[in-house]
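# Inside the fold
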Amino acid sequence: MSTTYHQIPSLAYQRDISPQPITALSFDPVSDILWSGTNSGHVCANYTPRGLRGVHYPVGGHLAVKKILATDSNIIASGLASEGIGAWGKGGINSWYFKAGGHITTFSNKASNASTIAVSTASSELILLNTQTGSVLRRSPSSSILTHLHFTASQTYFVSGDADGWIRLHDPRDATIRSYGSSPVKAHLSGIQGIETTSTLLYTIGLGLRQGRPYPDHLVKVYDLRNLKALPPIPFSSGPSFITRLPNRPSTLAITSSQGLVQIVDTSNPTANEFYQLDTPSYITSVAVSPTAVYMAFGDSDGAIHLLSAAEEEAMVPFNGFDGKAIDWPDSPEPLPEIQWTDRTPLNTIGLPYYDNLLLSSWTNDFVPTNMYFPPAPKIPAQILSSIKVNDSIAYASLPKELRGRRNVVATAPRKTGGRFRSGKARYNDSEPVTPTYEYNPDIIPKAYRKVEIEYSKFGVEDFDFGFYNRTPFSGLETHILNSYTNPLVQVMHYALPIRRLAKSHITTDCPREHCLLCELGFVTRMLEDARGTNCQSSNFCKTVGVLAQMNNAIELIDYGKESAELSYAHMIQLFHRFLIDHLSSEGNSFPHNPSLLPNSGPADLLSPAPAPITQLLGIDAKNIIVCTSCHAVREKENMTHLIDMTYPVRKPPNNDPAQETDFASIVRNSLLRQTMHKATCQMCKHFATFESRRSIRTRDLPPLLAINAAVHNEETHKFWRDQRKQTFLRPRIELRGQIEGMDDPETVVYELRAMVAQVVAKDANSHLVAIVKVPEAEESDPEPWFIFNDFMVQNITEEEALSIPSSWKVPTVLYLERVDVHQRLDFSELPDKMDPSILCRDTNIAMNRDPRLIRHEPLRFEELPTPGTLIAIDAEFVSMQQEETEYRSDGTKKVIRPARLSLARVSVLRGDGPKEGVPFIDDHIHTSEIIVDYLTEFSGIKFGDLDPSLTGYTLTPLKVVYKKLRLLVDSGCIFIGHGLSKDFRIINIFVPPDQVIDTVDLYYLEHRQRRLSLRFLTWFVLKENIQTDTHDSIEDALSALKLYKVHLQLEADGTFDKKLEELYREGRQYNFKPPVPPGTQQTSSPAPPSGPATPTPMPHMGMGRGAFLPQQQFGGLGGGRYPLNAVATPPFFPTPGHTRNYNTNQNWRNR
């Protein structure tokens, strides 16, 4: 074999067929193949130096193949217009394809000691990929757009070159820039064109500047890889375009120009050079060197591949230098049989091709058009057709007696899907039968798991019929608020009874935090307990999640309300799970005064105080045993964690391989003990050695609750969870045992699965989360206590369905298991369980400059503290934190996407009986740290600065303090009197049992009239008072509601209320149910309310007029904000002169 190269015949078949420039070349390391990439985006195989054509496949896109990398098992390639990078087998079958979210700018050679390549994207991101699976190993941001990547021969680091001419060294372990021993080097002024390395040297070629334009740099730059120190360059007068290293000569480079000049230079002896000029009429576009350096290939812009060979003239040496793997030739089709056609030749002689998938003619129900229904309408009977008469093209006939009976059996179109509203219940049957229309298919998402959304009618969200979606005694949570993706985890926490007890106990303490997730969780659990099937919303909890996420810079937890198919709620909920547990642990920690919850743990003392309650329930107090494999030195490290992240075997073993256990219990135990390996410098033997690390924990020390993040992030890990052979991976109970000093603990404990959060992934829709819970309250009465909580839809399911993972649409994310032998023995007796009622006696205020003249309330005295049945009047005002999102359609209609988000701004609570009846004891403005987009001053009376501690003159109180006051009033059994309270309580985010609510909007309501009356009109007509003339005042509104209730009691006692209410509706129509504008505000012919009993004035077609239920003088002339209602007289209705209608008065946003 000669050491001098000579040119052999070129591979030019592509130039003869369709000229396509050869943009990439790579020799196969194990087969006699030269892989080429064309300008049209295809990869072609060239078998043997004769250039036999092989497989041909596209890499994606219609532009040139950017780079090809041939490995032992596959071909990795990427194109200029492709969406990512992929790997194909030697036969052209795609192995994997990775979409990076941006264009791939380049990728590196394969690391020799690992199945890893580095990939750079146009979004300045550096990614490490596994060449076998295409999975992401590391992601790291890059400082600029990289155009070249190259792993060094020693694999100590890899080199990157960017479009600005900078060279950097990176750590291959995490893709970060090496920060010691070297700094980035500006190698070329206008960009890098090629990088090559030997064991200690780095070579670069690139572009310089000449007269302000890029120009090929005539020097090959040389750098010391250890510190990027510049060494003497290698000159190349023709301008280098490609640089490659000869594998069998480590210090020898092949430098090629675009005109076909090849220089082979030994860098250890620069005077020894070889020059070759290729016989090519066009430019060189790609270069490659074979693994043995026997061949060098050069692609040109005319589609030809020129070869230089170092073999003997007549010798035919394989490309890879040896007889490696056999070439995977494409299958040739079988020849068609010869058929002699005659008139008697059967058509089935042609036959059908072999197929392994369903033919298109094998339709399923998914392909049936929506406008076709089955069964079709029956034919008209003959006896009807015989008697038909036709009149003006209309045929008719009498129905024979034998055909009379039940008809209407023809199938009709299914009812349109959409929101069900209370206002439209009469239009449809509330009990729709559910008829299966297809056989069970594991890939079809069951109805209970599908995403449900709230529809909005003209009456608002209160009109939505939530009861249709939940007919259980367990409440769901609404979805139209930001961060409501946390709803399933809130349900899991609620039905984990120990966590529920801690949260309920925490809200009885004096928590100093303004934003506390444990407080908000306690408020939500109380609301879910009291609601008993009525829908609830966790708006305060979701708002606190957003505030704390921003405070902790955890922006990946924030829901911006912009759903997309790429958004992974599974990843978000697992991150939030860890965030939530960490906050619950710190917020509930009253160290060193934490109560002891665990049995047999002994009393807490000053030397060993109990940890935080959440840590006692979820904490895994283990030791990390770290062993050096070189000197076997052992080091112990305390390790406390609240969550287990599941880890899986590298690949699923064969079914007959007992070496690796892949059942649920084994994977949980291995994830708990978590045996890992890492490299570091040993402090004992001073060697850079491999360390083995594992957790050590006794079985008896395992926590009462086991919180698990499933960590199912790809298809491989999801396969472990799928049902196989009618067996589920999940088990209702598992046995676990600990490990002490590397030995299995003989003692075992049993854990029972209590709840799971799963992501439902739909093919053509956005994903969402559901909670599957074994409800403790249902275990005694229901043989199947499993329920699915799909936001506000709640449904009972079987245990088999709860544990089943039938297909890829159901992805487990969070699991909770309860230790069977401990949960009955947990001791909660030391936890506080009653809220301090003195909070109602304290005047809480955080305003810096409160004006005493604006204080209108008197806190309760101790003897006035409420008892069950105490009457109180309440009203609240709100401000807008987010505008309504509306979609306007082309037909002029609109759809509410998300309603306006309101927040409590002021709440007033008045005494409803006693000597100080009508006197407020709560009149608090609510401080908020969020941005207010609209103060709604016309309807709320709140102005800019009223909620700012430094500007307001009113009593300003944190939201949580006000919520605790209201929570205490509800728990005390108070009767709430107000107008439109359902909407108020909904926005306040508190549930009040219906038997504790007296709503005047329902008291003064006739169902057959289908109209509810506003508070302003009722007060004007019944009490002959004007309210809400300029703005709203919550004290005034609450007092008016209280007066209306007192009038109702008097009329009920007299037995005349129903009659008077009918008269009220009849006369209200004369005024269009709106009070006239008071005198002095606007000129009007309608009178103001009289100050006393008015003289009856005849009115045409009216039996009565506006009446005064209460004499005005009983409430006038008293200062100090007192409103006595002790003596209530109820005179008859009094007519009022005037009959002006249709007054343009502004209505409250609550339609009072």
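Quick caveat, the model's predicted, so the values are computed rather than measured.

### Regarding the overall build of the protein chain
Helix and strand counts for the protein chain stand at 18 helices and 53 strands. Expressed as a percentage of its 1152 residues, the buried residues of the protein chain come to 51%. Across the protein chain, every contact between residues at least 6 apart in sequence was considered, and the portion connecting residues at least 24 apart equals 60%. Counting every atom, the protein chain has about 57,300 Å² of accessible surface; 52% of that belongs to carbon and sulfur.

### Here we look at the side chain of Ser-539
When you line up the elements, Ser-539 lands in helix H6 (residues 539-551). A distance of 3.3 Å separates polar atoms of two side chains, one belonging to Ser-539 and the other to Asn-989. Not counting chain neighbours up to four residues away, the residues in contact with Ser-539 comprise Ile-481 and Asn-989.

### A word on the packing of aromatic side chains
Following the criterion strictly, the structure yields 29 aromatic pairs and no others. Ring centres 6.0 Å apart and planes at 65° place the aromatic pair Tyr-1065 and Phe-1073 in the edge-to-face group. Clustering of aromatic rings is evident, with ring pairs tying together Tyr-485, Phe-541, Tyr-569, Phe-576 and Phe-579. Seen from the ring of Tyr-1005, Arg-1012 lies directly overhead, with NZ or CZ sitting 3.9 Å from the centre.

### Description of the packing of helix H4 (residues 497-506) against helix H5 (residues 517-531)
Geometrically, a packed helix pair is captured by the angle between its two axes and the distance between the axes. Here H4 crosses H5 at 110°, and the two axes come no closer than 7 Å. Between H4 and H5, the interaxial angle falls into the category roughly perpendicular. In this structure, H4 contributes Ile-499, Arg-500, Ala-503, Lys-504 and His-506 to the contact, and H5 contributes Leu-518, Cys-519, Leu-521, Gly-522, Thr-525, Arg-526 and Glu-529. Taken together, the residues of the contact of H4 with H5 sort by class into 5 nonpolar, 3 polar and 4 charged.

### As for the sheet that holds strand E49 (residues 901-911)
Strand order in this open sheet of 6 strands is E51-E50-E49-E46-E52-E53, and the pairing throughout is mixed. Lying at the two open borders of the sheet, with one neighbouring strand each, are strand E51 (956-958) and strand E53 (997-999). With direction set aside, neighbouring strand axes in the sheet form an average angle of 35°. Taken together, the 10 bridges between strand E46 (residues 871-882) and E49 define a ladder with antiparallel strand orientation. Within E49, the position partnered with Asp-875 by the bridge is Ser-908. Packed on one face of the sheet, helix H14 (residues 981-988) meets E46, E49, strand E52 (975-978) and E53 and runs near 55° to E46. Packing against the sheet, helix H17 (residues 1034-1054) makes contact with E46, E49, strand E50 (920-927), E52 and E53, and its axis sits at approximately 140° to E46.

### Observations regarding the UniProt feature "binding site: a divalent metal cation" (unreviewed entry) in the protein chain
In the numbering used here, UniProt assigns the "binding site: a divalent metal cation" (unreviewed entry) feature to Asp-875, Glu-877, Asp-984 and Asp-1037. The annotated residues occupy 163 residues of the chain but converge on a single region, no pair of C-alpha atoms lying more than 12.7 Å apart. Among the secondary structure elements, Glu-877 is positioned in strand E46. Residue classification places Glu-877 among the buried positions, given a relative accessible area of 0%. You can see Asp-984 is positioned in helix H14.

### Notes on helix H9 (residues 664-673)
Counted residue by residue, H9 has 9 buried out of 10 residues, so it is predominantly covered. For H9, the complete set of buried residues consists of Phe-664, Ala-665, Ser-666, Ile-667, Val-668, Arg-669, Ser-671, Leu-672 and Leu-673.

### Considering the sheet that holds strand E14 (residues 146-151)
In spatial order, the strands read E14-E15-E16-E17; together these 4 strands make up an open sheet with antiparallel pairing. Edge strands, defined here as strands with exactly one partner in the open sheet, are E14 and strand E17 (185-186). Note that E14 and strand E15 (residues 158-162) share 5 bridges and pair antiparallel. Paired with His-148 across the bridge in E15 is Gly-161.

How each quantity is defined
Residues numbered from 1 in each chain as written. Predicted model: local features only at pLDDT ≥ 70, side-chain atom pairs only at ≥ 80, totals over all residues. Heavy atoms only, no water. Helix = DSSP H or I, 4+ residues; strand = E, 2+ residues; numbered from the N terminus. Buried < 20%, exposed > 50% of the residue type's maximum accessible area, 1.4 Å probe, protein only. Contact = heavy atoms within 4.5 Å. Areas by Shrake-Rupley, 256 points an atom, 1.4 Å probe, with all protein chains shown as cover. Polar contact = N/O pair within 3.5 Å; in protein donor to acceptor, adjacent residues only side chain to side chain. Phe/Tyr/Trp six-rings, centres within 6.5 Å; stacked < 30°, edge-to-face > 60°. Lys NZ or Arg CZ within 6 Å of the ring centre and 35° of its normal. Axes fitted to C-alpha atoms, helices over the stretch in contact; angles between N-to-C directions. Parallel < 35°, antiparallel > 145°, perpendicular 65-115°, else oblique. Nonpolar A, V, L, I, M, F, W, Y, C, P; charged D, E, K, R; others polar. Pairing = 2+ DSSP bridges. UniProt positions renumbered as here; feature names shortened; annotations may be inferred.

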